[in-house]
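Reading the structure
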Number of protein chains: 4
Amino acid sequence: MLRFLTAGESHGRALVVIVEGLPAGLEVTVADIQEELARRRLGYGRGPRMRFEVDEVTLQSGVRHGRTLGSPVAVQVANTEWDRNPDKWQREMSVAAEDGPTRIPLTQPRPGHADLAGMQKYGFVDSRDVLERASARETAARVVAGTLAKLWLATLGVDIVSHVVRIGAVAASPGPPPALADLERIDADEVRCGDPVASAAMVAEIKDAAKEGDSLGGIVEIVAHGVPVGLGSHVHWDRKLDALLAGALMSIQAVKAVEIGDGWDVAGRRGSAAHDPITWDAEAQVYRRTSTRAGGLEGGMTSGEPVIARVAMKPLASLNRPVLGTVDVLTKAETVSFKERTDVTAVPAMGVVAETMVALVLADEVARKFGGDTVAETRRNRDGYLAALRDGPLG
Amino acid sequence: MLRFLTAGESHGRALVVIVEGLPAGLEVTVADIQEELARRRLGYGRGPRMRFEVDEVTLQSGVRHGRTLGSPVAVQVANTEWDRNPDKWQREMSVAAEDGPTRIPLTQPRPGHADLAGMQKYGFVDSRDVLERASARETAARVVAGTLAKLWLATLGVDIVSHVVRIGAVAASPGPPPALADLERIDADEVRCGDPVASAAMVAEIKDAAKEGDSLGGIVEIVAHGVPVGLGSHVHWDRKLDALLAGALMSIQAVKAVEIGDGWDVAGRRGSAAHDPITWDAEAQVYRRTSTRAGGLEGGMTSGEPVIARVAMKPLASLNRPVLGTVDVLTKAETVSFKERTDVTAVPAMGVVAETMVALVLADEVARKFGGDTVAETRRNRDGYLAALRDGPLG
Amino acid sequence: MLRFLTAGESHGRALVVIVEGLPAGLEVTVADIQEELARRRLGYGRGPRMRFEVDEVTLQSGVRHGRTLGSPVAVQVANTEWDRNPDKWQREMSVAAEDGPTRIPLTQPRPGHADLAGMQKYGFVDSRDVLERASARETAARVVAGTLAKLWLATLGVDIVSHVVRIGAVAASPGPPPALADLERIDADEVRCGDPVASAAMVAEIKDAAKEGDSLGGIVEIVAHGVPVGLGSHVHWDRKLDALLAGALMSIQAVKAVEIGDGWDVAGRRGSAAHDPITWDAEAQVYRRTSTRAGGLEGGMTSGEPVIARVAMKPLASLNRPVLGTVDVLTKAETVSFKERTDVTAVPAMGVVAETMVALVLADEVARKFGGDTVAETRRNRDGYLAALRDGPLG
Amino acid sequence: MLRFLTAGESHGRALVVIVEGLPAGLEVTVADIQEELARRRLGYGRGPRMRFEVDEVTLQSGVRHGRTLGSPVAVQVANTEWDRNPDKWQREMSVAAEDGPTRIPLTQPRPGHADLAGMQKYGFVDSRDVLERASARETAARVVAGTLAKLWLATLGVDIVSHVVRIGAVAASPGPPPALADLERIDADEVRCGDPVASAAMVAEIKDAAKEGDSLGGIVEIVAHGVPVGLGSHVHWDRKLDALLAGALMSIQAVKAVEIGDGWDVAGRRGSAAHDPITWDAEAQVYRRTSTRAGGLEGGMTSGEPVIARVAMKPLASLNRPVLGTVDVLTKAETVSFKERTDVTAVPAMGVVAETMVALVLADEVARKFGGDTVAETRRNRDGYLAALRDGPLG
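Residues numbered from 1 in each chain as written. Chains lettered and ligands numbered in written order. Predicted model: local features only at pLDDT ≥ 70, side-chain atom pairs only at ≥ 80, totals over all residues. Heavy atoms only, no water.

Thoughts on the overall build of chain A
A count of helices and strands for chain A gives 13 helices and 18 strands. A compact globule built from 395 residues would reach a C-alpha radius of gyration of about 21 Å, and chain A, at 22 Å, matches this within 12%. A principal-axis box enclosing the C-alpha atoms of chain A has dimensions of 75 × 50 × 40 Å. Residue burial in chain A is summarised as follows: out of 395 residues, 67% are buried. Long-range contacts, defined as pairs at least 24 residues apart, comprise 69% of the intrachain contacts of chain A with a sequence gap of at least 6. Once the 46 positive and 53 negative side-chain charges of chain A are each reduced to a mean point, those two points are 2 Å apart. (Helix = DSSP H or I, 4+ residues; strand = E, 2+ residues; numbered from the N terminus. Rg over C-alpha atoms; globule rule 2.2 N^0.38 Å. Buried < 20%, exposed > 50% of the residue type's maximum accessible area, 1.4 Å probe, protein only. Contact = heavy atoms within 4.5 Å. Lys, Arg positive; Asp, Glu negative; His and termini not counted. Charge placed at Lys NZ, Arg CZ, Asp CG, Glu CD.)

Quick notes on the relation of the copies chain D and chain A
Of the two same-sequence chains, chain D is brought onto chain A (RMSD 0.0 Å, axial shift 0.0 Å) by a rotation of 180°. Both chain copies can therefore be described as sitting about a two-fold axis. Counting the interface residues of chain D, we find that 100% of their copies in chain A are interface residues as well, pointing to one common contact surface. (Least-squares fit on C-alpha atoms with pLDDT ≥ 70 in both.)

Quick look at the relation of the copies chain A and chain B
Once chain A has been moved 0.0 Å along the axis and rotated by 180°, it coincides with chain B to within an RMSD of 0.0 Å. Looking at chain A, 100% of its interface residues are interface residues in chain B too, so the copies touch through the same face.

Section: unusual backbone geometry
Residues and elements named next belong to chain C. Phi is positive for His-65, which is not a glycine, with a value near 50°. Its location among the elements puts His-65 in the loop between strand E5 (63–64) and strand E6 (67–69). What makes His-65 buried here is its relative accessible area of 10%. At Arg-192, a position not held by glycine, the phi torsion is positive, near 55°. Summarising the element assignment, Arg-192 is placed in the loop between helix H8 (183–188) and helix H9 (196–211).

Looking at helix H12 (residues 347–370) of chain A
For H12 of chain A, built from 24 residues, the straight-helix expectation of 34 Å at 1.5 Å per residue is met to within 8% by its first-to-last C-alpha distance of 34 Å. Taken across its 24 residues, H12 of chain A has 22 buried, putting it largely inside the fold. (Expected span 1.5 Å × (residues − 1).)

Comments concerning the sheet that holds strand E9 (residues 170–171) of chain B
Strands in a sheet are paired, the pairing made by backbone hydrogen bonds, and the direction either parallel or antiparallel. Read from one edge of the open sheet, ten strands run E9(A)-E8(A)-E10(A)-E16(A)-E11(A)-E11(B)-E16(B)-E10(B)-E8(B)-E9(B), paired in antiparallel fashion. Either end of the sheet is taken by a strand with one partner, and the two such strands are strand E9 (170–171) of chain A together with E9 of chain B. On top of the sheet, helix H10 (residues 241–250) of chain A reaches strand E10 (218–225), strand E11 (255–260) and strand E16 (307–313) of chain A together with strand E11 (255–260) of chain B; it is set at about 155° to E11 of chain A, its chief contact. (Pairing = 2+ DSSP bridges. Axes fitted to C-alpha atoms, helices over the stretch in contact; angles between N-to-C directions.)

A closer look at the environment of Pro-105 of chain B
Locating Pro-105 of chain B in the fold gives a position in the loop between helix H4 (86–92) and helix H5 (115–122). The sequence separation of Pro-105 of chain B and Val-344 of chain B amounts to 239 residues, and the corresponding C-alpha distance is 26 Å.

A word on the packing of H10 of chain A against helix H10 (residues 241–250) of chain B
Two elements in contact, H10 of chain A and H10 of chain B, have axes separated by 7 Å at closest approach and are oriented at 160°. When the axes of H10 of chain A and H10 of chain B are compared, the pair comes out roughly antiparallel. Crossing handedness for the pair H10 of chain A and H10 of chain B: right-handed. Residues Asp-242, Ala-243, Ala-246, Gly-247 and Met-250 of chain A of H10 of chain A form the contact with H10 of chain B, whose own contacting residues are Asp-242, Ala-243, Ala-246, Gly-247 and Met-250 of chain B. Taken together, the residues of the contact of H10 of chain A with H10 of chain B break down into six nonpolar, two polar and two charged. (Parallel < 35°, antiparallel > 145°, perpendicular 65-115°, else oblique. Left-handed = near helix turned anticlockwise from the far one by under 90°. Nonpolar A, V, L, I, M, F, W, Y, C, P; charged D, E, K, R; others polar.)

Description of the packing of H12 of chain A against helix H13 (residues 375–391) of chain A
Residue and element names in this part refer to chain A. Remark: H12 packs on H13, axes separated minimally by 10 Å, with the N-to-C direction vectors making an angle of 70°. Here H12 is positioned roughly perpendicular relative to H13, judged by the angle of their axes. Handedness of the H12/H13 crossing: left-handed. Only Thr-378, Asn-381, Arg-382 and Tyr-385 of H13 make contact with H12, whose side of the interface consists of Val-366, Lys-369 and Phe-370.

With respect to the pairing of strand E17 (residues 324–327) of chain D
Residues and elements named next belong to chain D. Of the two faces of E17, both are covered, the one formed by Leu-324 and Thr-326 as well as the one formed by Gly-325 and Val-327. Pairing geometry for E17 and strand E18 (residues 334–337), over four bridges, is antiparallel. When the sheet's bridge partners are listed, Gly-325 is paired in E18 with Val-336. The hairpin formed by E17 and E18 contains six residues between the paired strands, and Lys-332 there has a positive phi angle of roughly 65°.

Observations regarding the interface of chain D and chain A
Taken together, the 52 residues of chain D in the interface contact 52 residues of chain A. Between chain D and chain A, the buried area comes to about 4100 Å², and carbon and sulfur atoms account for 58% of it. In terms of surface lost to chain A, no three residues of chain D exceed Leu-5, Arg-64 and His-65 of chain D, which account for 19% of the buried area on that side. Where Arg-67 of chain D meets Asp-129 of chain A, a salt bridge forms, and the shortest distance between an N and an O atom there is 2.9 Å. Counting across the chain D and chain A interface gives 28 residue pairs in polar contact (both at pLDDT 80 or more). Among the secondary structure elements, those contributing two or more residues to the side of chain D that touches chain A are strand E1 (3–7), strand E2 (14–20), strand E4 (56–61), strand E5 (63–64), strand E6 (67–69), strand E7 (73–78), helix H5 (115–122) and helix H6 (128–134) of chain D. Broken down by class, the residue content of the side of chain D that touches chain A amounts to 20 nonpolar, 16 polar and 16 charged. (Buried area = accessible area lost by both parts, 1.4 Å probe. Salt bridge = Lys/Arg side-chain N within 4 Å of Asp/Glu carboxyl O. Polar contact = N/O pair within 3.5 Å; in protein donor to acceptor, adjacent residues only side chain to side chain.)

Details of the interface of chain A and chain B
Each partner contributes residues to the interface: chain A has 107 residues there, and chain B has 107 residues. Summing both partners gives a buried area of about 8600 Å² for chain A against chain B, and 64% of it is carried by carbon and sulfur. Considering only the surface of chain A that becomes buried against chain B, Trp-237, Trp-264 and Arg-270 of chain A emerge as the three largest contributors, covering 10% of it. Between chain A and chain B we count six salt bridges in total. For Arg-270 of chain A, the salt bridge goes to Glu-212 of chain B, with nearest N and O atoms at 3.9 Å. Summed over the shared surface of chain A and chain B, the result is 39 residue pairs in polar contact (both at pLDDT 80 or more).

Function-wise, these values are silent; they only describe arrangement.
Okay, structure coming up:
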């Protein structure tokens, strides 16, 4: 229902995204998008590019006089380096054959990157032909799409929050999942962690890793509030919402693990301590679970409780010291891969990308469950569903 | 390219699966399917149904004189209880309106199951209308589809193996990923664990949990050998093979977490210890990685190394003792959910289902990368690709 | 949203269809399906198979006590010849390798059939490996799926009717599109034609062609009544309802042309005589068109007027006299293709298949526009939409 | 496999298209795209916009140093009026809410356009919110995507040609389908018709219609040469190539009918004159058909003969004289719809769009049948297939 394609190379002219399937009447501004893109640049330990980068956003279609038309929304995020430093990238990434390769090709694929597999798959000798697209820069285009999904979800009272719960060896102390009201405070934290003590230790860990020319991974938790019961379905494997979320989250660059609710941990428990008891809240006239072990998902469907997922990111594979062995694909000579000046960790920013992917999955399910070609129509259908639940035999 | 739909309720007449997109000329027998279905019933701690159950398989279409026709393959797995015990299920699950509901409806949704969310989403008062389809019985239909995918992959030298690495609190000691040659020994083990010491402890754990009327979850590792470099792609988020695998694995009933390679653990390491160095094997004329941290996937593509994933399953939500609180949806009275005689754990069998899902994802990518309408054509295209790699500038 | 896979060979054990995406609560009986299958066998000029054939329908899943569960609906249509005449087909179409080929392979592909292209694509020497699946027998499985779609549409007041407007050289005289009330009379006609004079001439034409061992094609018109305004969309090429209808109708065996509304004819008119003026019906509070030139579709969307399409079928390629030249693929010897005893025309039956395809497309769009997991929810959303149209600024 | 999304409103800032799924190594230049866009503006009887319009094309991603990277290709076609005439459109089509509606809304939907249905579906009072996207200007974005598909097909020897065979009442005399060598001559003709006598009559017809303020439709024939046998498939309805072509062609703005081969006409013939006899060309070692009645498609698959389709376009619904009745949606007052200065016919240009849609469908099927991530790999797989056909039992 909601589909989107992203395009663009890391140092190319621009990133482009087209989102098809949004309802008409959704209020969208360029500032909304820029704000989310700015959140994606957050985090202590980002390299110089993040600080320089200002995302020049152009809404190219699908929005008129402040609200969507139902037609595909195209957004361009220009590469500001492109015009500022034309000698560097306009030739290197030129689309024209006559601009040819200007430098010696990158023939030493970096371990932990798409480089070697991509060169083999697509027949390239220059790993730049792979890395420009494999780069996490692409996630900026996803964040644009995610902003649109979030704006739509917000009209239904659905909000998505993320926070960092681990960087390298430092874990935040466990606590209740953050609410929308906590987001400003989380974003203001240097590593987007809600636990100030852990945050300080994370920053120290980043400094230490930076000193050693090393990088750090970590874990992010994403929480969606206000999600109505019954998104996703148990009836077919590829309609299970946990499957859709896991796929979307695992698609983020450098992510290597995904869990729903207590996930990994619950595999070691006994059944009597692994599930969420059901109660009836007579006041609010809704069913509740007295714990959050399932992460708001049972049988591939939302239960009405907050949806909770956690995502593990490996340390960046670009290091500041020469330690990862590789070979030159042309000479087969052994060498090492390293790069001066790079980010130490991208975990805080990854949380924003993870929110984006959750938003896109949920928005797609909203479209499927409630239909609707306008914001008002979808909301009316959602209201009718909730009222029927309340007034029906189960309510 | 490869698509399949499964149908069937747990106690209905039959499970049915249609697989569309297989090449012509693939050798398939009913025995191949029955053998995989028998593997799905393996494991100490399964309840009585698993022992009684014999899967009556009928190949209904798409295969003639022992090999596929390229047309959709339909397979029916009859419910053997249906005919044996007609009074019990033929009326309860009858398609005819006149057979009406014969017993009082199940109005006490079980925590940890699809029951309540499904009843709310689909407007049911009787949770049987949900649980019959949400049941893990459905995975038998997937195993049928997976058998076809495995048979095709085998013609390309791709094999998939799984083993249990944790049940409840008991973990197997770490070791190298198992090979195809290990599968017979693993399947012969009571809990499909390759570590005999751990296996014995797992069985003890199962006995202990059984005695207490409790259930157990666990973790399975799946390994695919012989996968050529370059399946999946870095170019778009929904073409990344790790994303596709994560979605497929998370779709298995009761699975709550998925990791690729060192996954979860790697988030706590530094970059210098998190990636797989690249070397050139001059003998075999292929690139190798000197470790398996990435699980054979870099940038969303296979690297040519074994593909390794791990999957965590929560304990079964049907317990033998009354501990999980719930409510009656009609009266709102508080009660507890339990069931006499049930499986203690399904982790060993889940490994076979996980193999299935990995096989289906890989077969789909094989179709995409190599094309081909016959087994011979796909293999010829694969051979041409590998020869071009060997003879090209990178080889 | 609504997806279905069909499987089964013409003389195999059974046809199988799985339909995924239907709402819960839809009333379905085996008799509903049998009735539509019987309509598919209508028409003067059908061969002996049609008269013998009784479709043994088994609803295998997705329906309990007379209404759908939201889970996939699997239906099997057994080949009654399979058991009645086991020596003939059970060996010829056996899935077992040991039953081998029992007769000399069919090595003379028939012109106008899938035979030769299919043999080349899929690597077969025996054209039976192609023709068994390419046969129009497969449309029985579609009719099953279409019955479910029609039942759902009927809950929304949408009905689909077809009638024959040409067989061979004989055309019905033009008239208004038939309504649901006309269907019984049309089905009772020997060639499903609403014009008695033309019907008699068509039967004479069929007799004449039969005498000469020849076959006949023709044209069918399909009309959908009660379709709400706004199904389909102008915003993207692959969401245009006319495109979806054209693809679905052209997929029917032997169909070679499709038109919407006045279609082909309108290309020769001037613009002033080619479009449907808009008026406001103050009584009914709806917009109307004063003509039906557009066939109820403007800009890829339904206008609220009846949806009208016409479909042209080529004459059957199996003739009763030896006139179509072909070659033996093994010897390359020239020969002719013919078959004793065959249908003269299948146009009346094709209309029922065309209704089916229109129903499946419309049901899919209903799911997309209105969402809903139960029949009641979809209807409520549709009602809300129509009420908003009436009460909004345009109403 | 090949997917693309288009975005952009007719008078908005730009059209944007992203094409995902192209192989790496395809040579692409901006000039290639501009040339096809220029062909789309051809034809006597186009209005002033076509003459002024110069398409400013920017290749934004997916191409580096003259060839594709396998990553998504994004192309922007700027609206040259946007900068040249900022007061007119930059405010009217501004994305910013503060630019509000500057003129009275268009509340009189035009018959024969998407206007009214779109306003009702999407909740608009101003028909500009619909017509900007429904406009045939969108086909420029498709032509961009089609150029890429054509370039890929050309590496496999597949070429696509179109020509006008009817405008209004004037039909070209029948002749053999044009070849690639004829395209330059066809494009040079004022109405893209290969028959000079008919061309002159068509121009006269256009002049006459123009004088009367009327518009004209017509028919275009598209021919694809060099298509290998076996694209598409008989095994499932939605894999039949004729179905895919019909859907793609019917999606073109104002198209109301599609036929394959002799299509419509063949429905009136007898079977003995309706099919293409098969022969063996011992010289070329290929099977041939001695006629082109089937349009190169049998059983939903290409036969190896030229693929031939015809498409009927209704007259443009924007007329130069006040004849089409409509109502004001706010007042319900009756009025007439017309527009000063408009195109008389777009049939010649539509042929180029139709080529585009055929190219996109064929390229998708090439990807499916032959796989491949580089131009060389797909070609190698195609060569292997053709060699196997030649050397196999049928060759």
